[in-house]
Amino acid sequence: MIELKSISKQYKVTVRDKGLKGAIKSMFVRKYKTIDALCDVSFKIDDGEIVGYIGPNGAGKSTTIKIMCGILAPTSGECVVNGYDPMKQRKSYVKHIGAVFGQRSNLSWDLPIIDSFELLKEIYRISDEDYNTNLKSLTEILELEELLNKPPRQMSLGQRMKCELAGAMLHNPKVLFLDEPTIGLDSTSKLVVRDMIKSINNKMNVTVILTTHDMNDIEALTNRVILIGKGKLLYDGSFNNIKNKYRDKITIDLELYDEISDFAIDGYEVVNNTPGKITVKPCKDTKFNIIDFTQQVYGKYNLKDINVNHLNLEEIIYELYKEYNV
Ligand code: ADP
C-alpha cells in the first residue's frame, strides 16, 4: 500500500535581476524565492493497482514520483510505501521498487542486455535462484529470448522499452514507477508495451504508478486516475466518470441540399455556416438526442448528411484542465 498524507514540497531557487548588472549583483547578494511544487497532496494506492498519475507540465508529477522513490524529501507531510519511509529507509527500500524513467536508461547502450541484467543482479544483490526464476518468467512474459544477446544500440525503441521493463522487474519489486513508458513509440509498439505492463501487473502482482500524457495509455491500462495541477490534487477517481461528464460536449456537422444562411434550430447554436457545411452545438441546457435533433432538422430543411463529433480523450483532458484552471 502506498500512502501520501498532506505532502508538500517547496523548492528554493535563486532569482536575479535582469541584465549584466543583475548578474553581477547576484554574485554578491543572493535573492531567493520559493516554488510550491506540491501543496497538501494526499492519496492511497492499494497493492496490485494500476494508477494513472496525470497533469500538465509543471504540475508536480515528477516531484511526487521522486518523493515516492526516495530521491527527494518532502518539505512536510508523510509518505509511506509498503511500510517504508522512502527517504529515511532508502537503502533497504530501493529493493522493493522498480522504475522506468522516460528517456533515462538502466541499461548499458553497448552491452548485450544479458550483461546489463547481470550487473543489475549485483547492484540489487539478487540471489542466483531468484535471478534465474525472475529472468525465466520475464523472458516468457515479455518474449525477450531473441533480445537477450543484443545491445540496446541495435534495438528499436519498442524492444528497448521491453528490456527496460524487464530490467526494472528483475529484483521482483512490489511497486513499479513508469514515467511516459510509451513516449516516442509507434502505434503498434504502444499496444505491445501496454500489453506488457498489463501482464507484469497481472502475473507479478506489482503496483504500477504511471505518468503519461497519452490518454490511450490510461484507457488501456486503468480506470483510476489521479489528476494534479499546480501542485494540488484536483481529482482522484474513475476515468469513466471524467469521460461521461463530457459526453454532451459535442458538435454536429450537417450537410443540406440547399444553402441556408439563417439556419436555426431551437436549443442549438450555430458555430459555423459555410457553403456545404453547417456546424452546430447544443446550448448549455439542451440534452442532445440524435433522433429528436434529426427530426427537428428534417422538419425545416432538406438534410443530406449528419455527423456527430464527440470530444477525443486529449480534448477531454484539455477541458478538464480548463475547468480546474491548470
Ligand atoms: P511535472 O513533472 O508535472 O512536469 P515537476 O514536478 O517537474 O512537474 O515540477 C513542479 C514544479 O516544481 C514546477 O514549477 C517546476 O518548475 C518546479 N521544479 C521542479 N524541480 C525543481 C527543482 N529541482 N528546482 C526548482 N524548481 C523545480
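This report concerns the structure included in the present document.

Calculation notes
- Residues numbered from 1 in each chain as written.
- Predicted model: local features only at pLDDT ≥ 70, side-chain atom pairs only at ≥ 80, totals over all residues.
- Heavy atoms only, no water.
- Helix = DSSP H or I, 4+ residues; strand = E, 2+ residues; numbered from the N terminus.
- Buried < 20%, exposed > 50% of the residue type's maximum accessible area, 1.4 Å probe, protein only.
- Contact = heavy atoms within 4.5 Å.
- Areas by Shrake-Rupley, 256 points an atom, 1.4 Å probe, with all protein chains shown as cover.
- Lys, Arg positive; Asp, Glu negative; His and termini not counted.
- Charge placed at Lys NZ, Arg CZ, Asp CG, Glu CD.
- Disulfide = S-S within 2.5 Å.
- Axes fitted to C-alpha atoms, helices over the stretch in contact; angles between N-to-C directions.
- Parallel < 35°, antiparallel > 145°, perpendicular 65-115°, else oblique.
- Left-handed = near helix turned anticlockwise from the far one by under 90°.

### Describing the overall build of the chain
- Across its full length, the chain holds 11 helices and 13 strands.
- Referenced to the eigenvectors of the C-alpha coordinate spread, the extents of the chain come out at roughly 75 × 60 × 40 Å.
- Taking all 326 residues of the chain together, 44% fall into the buried category.
- Of the contacts formed within the chain by residues at least 6 apart in sequence, a portion of 68% connects residues at least 24 apart.
- When the accessible surface of the chain is totalled, it reaches about 18000 Å², and 49% of it is carbon and sulfur.
- Within the chain, the 44 negative side-chain charges are centred at a point lying 10 Å from the centre of the 44 positive side-chain charges.

### Details of the state of the cysteines
- A complete count under the given rule lists 0 disulfides for this structure.
- You can see C69 has no disulfide; the closest cysteine sulfur is in C79, sitting 9.3 Å from it.

### Some words on the packing of helix α4 (residues 113-123) against helix α6 (residues 157-169)
- Relative to each other, α4 and α6 sit at 20 degrees, their axes nearing to 10 Å. Relative to α6, the element α4 lies roughly parallel. The handedness of the crossing between α4 and α6 comes out as right-handed. Contacts between α4 and α6 involve I113, F117 and L120 from the first element and C163, A166 and G167 from the second.

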